[in-house]
Amino acid sequence: MNTSHPPSASFADLLQHTVNCSRYARHILKVDPDLLNWLQANYAMPCDRSEMLALLQQSAPSPQPSPASGRGGERVADATMMFSDETELSRAVRRLRKQVMVKLILRDLNGLCDLNEVMQAMTALAEVCVRQAQACLMRALQEQYGSPIGEASKTPQELLVIGMGKLGGGELNVSSDIDLIFVYPEDGETDGARALSNHEFFTKLGRRLINAINDLTADGYVFRVDMRLRPYGDSGPLVMSFAALEEYLVSQGREWERYAWIKARVISPAENPHIDELSKLAQPFVFRKYLDFGAIDSMRKLHAQIRQEVQRRDRLNNIKLGPGGIREIEFTAQVFQLIRGGRDARLRIRPTQQVLQVLVANGQLDAAVAAGLDAAYIFLRNLEHRLQYLDDQQTQEMPEKPEDQAIIAAAMGYADYAALLEPLAHHRALVTQQFEHIFGEQKSEQNEAQTWREGVTVEELTSHLTSLGYRAAPETAQRLLQLREGIRYRQLPDPSRQRLDKLIPQFIAQSAQQGEPDATLARSLTLLEGVSRRAAYLAFLSEYPQALQRLVRLIAASSWVAEYLTQHPALLDELLDAREMYRPPQWQQIDADLQQRMTDSVGDTERQLDVLRQAQQEQTFHLLAMDLQGLLPLEKLSDHLSDLADLMLRHVLKLSWETARKRHCEQPKFAIIAYGKLGGKELGYASDLDLIFLYDDDHPDAQENYARLAQRINTVLGSHTASGRLYETDLRLRPNGASGLLVSSVAAFAEYQHSQAWVWEHQALTRARFSAGDSDVGDAFERIRRDVLCQPRDLDTLRREILAMRQKMLDGHPNDSELFDIKHDRGGMVDIEFMVQFLVLAHAQRHPQLTANIGNLALLKLACELELIPAEQAERVRELYRSLRQTQHRMRLNSSAPCRIEQGVIDTGACKELWELLLITREDQ
């Protein structure tokens, strides 16, 4: 489409093209020579709010200070009441509309402006006119009845005018009506001699405001006003208090109203202290806290109703409501907002094109698809405007008369109507294709559906399952019937039960393709029962069969995955994009994204805690998916899980300090030190965190404040909520164990380690490291750690201490079975870890490089290079440790605890030989 004229085009040329393509502009300029003169003088400058305010001030009866130039002064000027007389106001705003319309028509048809200028100018026109009318009428009513006062707050009240639809989104078209809702904060009454209730006062104001904007007078009209989107529609009250609005949204708000309220925005007055309160009131209605995949079916049904109406009225050529029209682009964008907006504040925006950009940035919409939808949106909106420029009618119907078709083609820059229809068909086909991709109903196989119906017998189910390869078909059939006849299934709402009825045959078929179909289906049914009360999750699985297939494969590979997803069903959403699911974590980007999500929820601490838990679960699930796909070696997986824990600790520390009731400094001189599996970067999926807390701060309140901070951190990490728990913690490795202070100063910690700590505490220190907080405190800890590990030791005494501690651990984990406990039994993982700790404590004085926190495998290799242990034994023990860890990991993925295997499956001889060499003295021998 090319409607631009060369820069040298004269005003006469531009005008001629304008009147050729717009009968409305031709007529209005013909009868109003002054308007034509004004247009000629002003057409070259963009049409914007500051110009509109200046034009209104010129029309005002008394001299007004001119508004500040540019956009910096608009807000003050916009709020200024320019008119005290309704008649003068009515004439001025109608005159203003004519000026804005003819200028936009000329600029748009001649390529002097883009779609954004048109939409923003029309939106600004509506806002300016409504604000001026409201200010004028409010003053008139106050003179009669006094000011409305809140019953509880005793403060003056003001009507808030909410713009819905394209007005709220800043996307108003040129001949649109405006959808409004009127609300006010508090009930009460006016303080004048003729008192009215606030409701009566604002009802009067609302009616007069509608008349001022909507009525057709000798000067025309400004905008047609549509109030049908208000609660209860035409039968509802014209105005409503915040309390009444909230009650309506909570108890009676319908699904289509959620869609309508996405774009809701207060357009008048420009400023009011209650605007944020109103936004917080409506947000939970529009954006659910959970991922709301039920929105797809709700919007599908709404669109089906629109389609039926379009067909009934034979309006298939309607470029807004017809197939591939503007409404389908808006639905495509808005369904993602309804699904995800509760958890992603970036999607709580209004303009359609901006939503598409966010969806691309989030990876939820392919960039090429979004670009196609954006191009279609621009084309269709431009076409819509040209249809409306013709006669200033609110229409989106393609013309039937040949002469009108020729005009529209010329207005769009095409040689004839046939040439216009070709790109129109292309854009509409692309929109329809994407719309059907999202909203097309999933078809279930009839044969599969027959296996799950009312009255099905155990024999029928058994026969069907056997034919699919189920090896325990009778037991599995009985399990299916138990679910169908159970109370939970019977009590499900009809929509949820219908979805479950469609899903179970799919799970049966998908489980049959796995190595252990009976176990896979049993895990799947447990998960389905667990999530069945949340309709959104059933909706998700119904809408995305590819996600269901990935889910079944994961469940087949690991019972622990099934349990984890049952506990955290919001993670089902992560199954949507296989590319994203199997992408290695980029921790800097994850950190930045998490910080943005935390910032979006500032002021709502509970929400921020949920954000942390959700982020931790999402990344754990991604690592789990990669692990089961064979994409991560165990050592790399442990590194990533440890990095994730460090990330969470940083954010928990930051949040806990920011929300502390008592702080003595901006940044705490405080650090979290990791021991155990986290310290050694050998963390597993369900590992707890061994932590201690240190500070280096001379402030008199430091001990007390940091003790509270540590307690808060521990509570945040370990508390169970509806969103789950971050980590189980163990704080017993701090100085003096469970009886010691929760936090220690760096000086006290150093003194304790040098003069009071037991040898087992120095063993633990070999796997300790700074994890989060003040890096200076972390550096101080590392210096203490190195000093302690490098101190001279008597080797015989050291051996006795380590042997005694090892015996204690054996006594604490008795194994009366005939199986081998790969962690605790002789020759297992603990023995290897004790030997590494012995090597560090025995030889770090001469070889300080042994204090490096590089993990057991690397330390064994280093000890070999330092000739502390024989090379052949070192390598065999390294391979054994790796094998033991991998076996433990596989067993835990299938919920085996404790991890015990048949004796002799793994040869532990290398460990026992090295144990004899290192820890059994000659005297013992």
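Residues numbered from 1 in each chain as written. Predicted model: local features only at pLDDT ≥ 70, side-chain atom pairs only at ≥ 80, totals over all residues. Heavy atoms only, no water.

### Thoughts on the overall build of the chain
Heads up, the rule is: Under the scheme used here, helices are H or I runs from DSSP no shorter than 4 residues and strands are E runs no shorter than 2 residues, and both carry numbers assigned from the N terminus. In this scheme, a residue with accessible area under 20% of its type's maximum is buried, one over 50% is exposed, and one in between is partly exposed, where area comes from a 1.4 Å probe on protein chains only. Computed by Shrake-Rupley with a 1.4 Å probe, the accessible areas treat only the displayed protein chains as cover when residues are assessed. Under the convention used here, Asp and Glu are negative, Lys and Arg are positive, and both His and the chain ends fall outside the count. Working definition for charges: the position is that of NZ of Lys, CZ of Arg, CG of Asp or CD of Glu.
A tally of helices and strands in the chain yields 41 helices and 14 strands. In terms of overall dimensions, the chain has C-alpha extents of about 120 × 75 × 60 Å along its principal axes. Within the span of the chain, comprising 925 residues, buried residues form 56% of the whole. A total of about 40,300 Å² of accessible surface is found on the chain, and carbon and sulfur atoms cover 48% of it. Once the 105 positive and 126 negative side-chain charges of the chain are each reduced to a mean point, those two points are 2 Å apart.

### A closer look at the confidence of the model for the chain
For residues with low pLDDT, the predicted coordinates do not support detailed interpretation. Formally: What pLDDT expresses is the predictor's confidence in each residue, scored from 0 to 100. Between two residues, a contact is recorded if the distance between any of their heavy atoms is within 4.5 Å.
Mean pLDDT over the chain works out to 90, with 94% of the residues at or above the 70 mark. Under a pLDDT of 50 for its full length, residues 63-77 has, in the predicted model, 21 contacts with residues more than four places off or in other chains.

### Description of the packing of aromatic side chains
The line we're drawing: Aromatic pairing here means that ring centres of Phe, Tyr or Trp (its six-membered ring) are within 6.5 Å. Orientation follows from the plane angle: under 30 degrees is stacked, over 60 is edge-to-face, and everything else is tilted. Whether a charge lies above a ring is judged from NZ of Lys or CZ of Arg, which has to be within 6 Å of the ring centre and within 35 degrees of the ring normal.
Inspection of every chain in the model, using the stated rule, returns 14 aromatic pairs. Ring geometry for Phe201 versus Phe202: centroids 5.4 Å apart, planes at 85°, classification edge-to-face. Exposure class is identical for Phe201 and Phe202. Each is buried. For the ring pair Phe540 and Tyr544, a centre distance of 5.5 Å and an interplane angle of 45° mean the geometry is tilted. Residues Phe540 and Tyr544 agree in their burial class; the two are buried. Site record: aromatic cluster; members linked through ring pairs are Trp657, Phe670, Phe693, Tyr695 and Tyr706. Across from the ring centre of Trp452, 4.8 Å away, lies the NZ or CZ of Arg484, which sits over that ring. One Lys or Arg, Arg806, reaches over the ring of Phe834 and ends 5.9 Å from the middle of that ring.

### Topic: the side chain of Ser524
Selection criterion: Counting of polar contacts relies on pairs of N or O atoms within 3.5 Å, with two restrictions inside protein: one atom must be capable of donating a hydrogen and the other of accepting it, and residues adjacent in sequence are counted only when both atoms are side-chain atoms.
With respect to the helices and strands, Ser524 occurs in helix H24 (residues 517-531). At a separation of 2.8 Å, a polar atom in the side chain of Ser524 contacts the main-chain carbonyl oxygen of Thr520. Excluding residues within four positions of it along the chain, Ser524 makes contact with Phe507, Ser511 and Ile555.

### Points about the nonpolar core
In globular proteins that are soluble, nonpolar side chains generally tend to be buried together. Which entries qualify depends on this criterion: Among buried residues, the Ala, Val, Leu, Ile, Met, Phe, Trp, Tyr and Cys ones that are joined through side-chain atoms within 4.5 Å form a nonpolar core.
Core analysis: the largest hydrophobic core is formed by 159 residues, its most contacted members being Trp261, Leu383 and Phe670. In terms of residue count, the dominant contributor to this core is helix H31 (residues 634-658) (12 residues). Within the second largest apolar cluster, 77 residues are counted, among which are Cys21, Leu89, Leu137 and Val239.

### Re a negative patch on the surface
Where we set the bar: Like charges within 9 Å and nonpolar side chains (Val, Leu, Ile, Met, Phe, Trp, Tyr) within 5 Å are joined into patches, using only residues over 30% in relative accessible area that form no salt bridge. For this analysis, a salt bridge means a side-chain nitrogen from Lys or Arg found within 4 Å of a carboxyl oxygen belonging to Asp or Glu.
A cluster of like negative charges, contributed by Asp696, Asp698, Asp776 and Asp779, occupies part of the molecular surface. Structurally, Asp698 can be placed in the loop between strand E9 (689-695) and helix H33 (702-718).

### With respect to the packing of helix H38 (residues 829-843) against helix H39 (residues 856-865)
Defined as follows: Geometry is summarised by axes, namely lines fitted to C-alpha atoms with helices restricted to the contacting stretch, and by angles between N-to-C directions that run from 0 to 180 degrees. An angle below 35 degrees is read as roughly parallel, one above 145 as roughly antiparallel, one from 65 to 115 as roughly perpendicular, and any other as oblique. Each crossing gets its handedness from the near helix: less than a right angle anticlockwise from the far helix is left-handed, clockwise is right-handed.
Remark: H38 packs on H39, axes separated minimally by 10 Å, with the N-to-C direction vectors making an angle of 50°. By the criterion of interaxial angle, the relationship of H38 to H39 is oblique. Here the hand of the crossing between H38 and H39 comes out left-handed. Here Ile832, Glu833, Val836, Leu839 and Val840 of H38 come into contact with H39, specifically with Asn856, Leu859, Leu860 and Ala863.

### Considerations on the state of the cysteines
Definition in use: When two cysteine sulfur atoms lie within 2.5 Å, the pair is treated as a disulfide.
Counting across every chain of the model gives zero disulfides. A disulfide-free cysteine, Cys864 has its sulfur positioned 17 Å from the sulfur of Cys911, the nearest such atom. Here Cys864 falls in the partly exposed class, since its relative accessible area comes to 21%. Take Cys899: it sits in no disulfide, and the sulfur closest to it among the cysteines is that of Cys911, at 17 Å. For Cys899, a relative accessible area of 6% puts it in the buried group.

### A short note on the pattern of salt bridges
Summed over the entire model, instances satisfying the criterion amount to 55 salt bridges. With its nearest N and O atoms 3.0 Å apart, the salt bridge here joins Arg346 to Asp344. Under the relative-accessibility criterion, Asp344 is labelled buried at 11%. Arg725 is paired through a salt bridge with Glu728; the nearest N and O atoms lie 3.6 Å apart. According to the relative accessible area criterion, Glu728 is partly exposed, its value standing at 43%. A single salt-bridge network, built from bridges that share partners, covers Arg49, Glu127, Arg131 and Arg265.

### Remarks on unusual backbone geometry
At the junction of Ser268 and Pro269, the peptide bond is cis and its omega measures out at 0° in the coordinates. Secondary-structure assignment places Pro269 in the loop between strand E7 (265-268) and helix H12 (275-286). Residues other than glycine seldom take positive phi values, yet Lys681 does so here, at roughly 55°. Following the sequence through the fold, Lys681 ends up in the loop between helix H32 (676-679) and E9. Despite not being glycine, Asn736 has its phi angle at roughly 70°, a positive value. In this structure, Asn736 sits in the loop between strand E10 (729-730) and strand E11 (743-745). Residue class for Asn736 comes out partly exposed when judged on its relative accessible area of 45%.

### A few points about the pairing of strand E3 (residues 178-184)
As a reminder, the rule being used: For two strands to be treated as a pair, DSSP must find at least two bridges joining them.
In terms of burial, E3 is largely enclosed, as seven of its seven residues are buried. Going residue by residue along E3, you find Ile178, Leu180, Phe182 and Tyr184 tucked away on one face and Asp179, Ile181 and Val183 tucked away on the opposite face as well. Bridge analysis of strand E2 (residues 160-163) against E3 gives four bridges, and the strand direction is antiparallel. By the bridge assignment, Val161 is partnered in E3 with Phe182. Direction of pairing for E3 relative to strand E5 (residues 225-226): parallel, over a ladder of two bridges. Along E5, the bridge assignment pairs Ile178 with Val225. Inspection of the sheet shows E3 paired to strand E6 (residues 239-241) by three bridges, in the parallel sense. Counted as the bridge partner of Tyr184 is Ser241 from E6.

### A word on helix H36 (residues 775-789)
The criterion, for reference: In this scheme, a helix's expected span is set at 1.5 Å multiplied by one less than its residue total. Note that the arc is computed from the directions linking the helix axis to the C-beta atoms.
Compared with the 21 Å implied by 1.5 Å per residue over 15 residues, the 21 Å span of H36 between its first and last C-alpha is a close match. By the burial criterion, the buried members of H36 are Val777, Gly778, Ala780, Phe781, Ile784, Arg785, Val788 and Leu789. Mapping the buried residues of H36 onto a view down its axis gives an arc of 160°, with all of them on the same face. Turned more than 90 degrees away from the buried face of H36, the exposed residues are Asp776 and Arg783. Looking at the buried residues of H36, the elements they touch are strand E8 (670-675), E9, helix H34 (746-755), helix H35 (759-765), strand E12 (769-773) and H38. The backbone nitrogen of Asp776 lies 2.7 Å from a side-chain oxygen of the residue at the head of H36, namely Asp774.

### A few points about the packing of helix H14 (residues 326-340) against helix H16 (residues 367-391)
To be explicit about the condition: For this classification, the nonpolar set comprises Ala, Val, Leu, Ile, Met, Phe, Trp, Tyr, Cys and Pro, the charged set comprises Asp, Glu, Lys and Arg, and every other residue, Gly included, is treated as polar.
It is at 9 Å that the axes of H14 and H16 come closest, and there the two elements cross at 140°. Considered as vectors, H14 and H16 are oriented oblique to each other. The crossing of H14 and H16 is left-handed. Each of Ile326, Ile329 and Thr332 in H14 lies in contact with H16, whose residues at this interface are Leu373, Ala376, Tyr377, Leu380, Arg381 and Glu384. Looking at side-chain class alone, the contact of H14 with H16 contains six nonpolar, one polar and two charged residues.

### A word on H16
In this model H16 runs 37 Å from its N-terminal to its C-terminal C-alpha over 25 residues, within 8% of the 36 Å that 1.5 Å per residue would give. N-cap assignment for H16: the residue whose side-chain oxygen lies 3.0 Å from the backbone N of Ala368 is Asp366.

### Focus: empty space enclosed by the protein
Applicable threshold: Only protein atoms enter the 1 Å grid used here, on which a cavity is any set of points holding a 1.4 Å probe that cannot leave and a pocket is any open set flanked by protein within 12 Å on both sides along at least five of seven lines; residues with an atom within 4 Å of a point are listed as lining. Grid points are joined across faces, edges and corners, and a volume is the space filled by probe spheres set on the points.
Applying the stated criterion across every chain yields a total of four cavities of 30 Å³ or more. Here the largest cavity defines a volume of roughly 70 Å³. Lining of the largest cavity is provided by Gly680, Glu682, Thr766, Arg767, Val836, Gln837, Asn853, Ile854, Gly855, Asn856 and Leu859. The set of elements that each furnish at least two residues to the lining of the largest cavity consists of H38 and H39.

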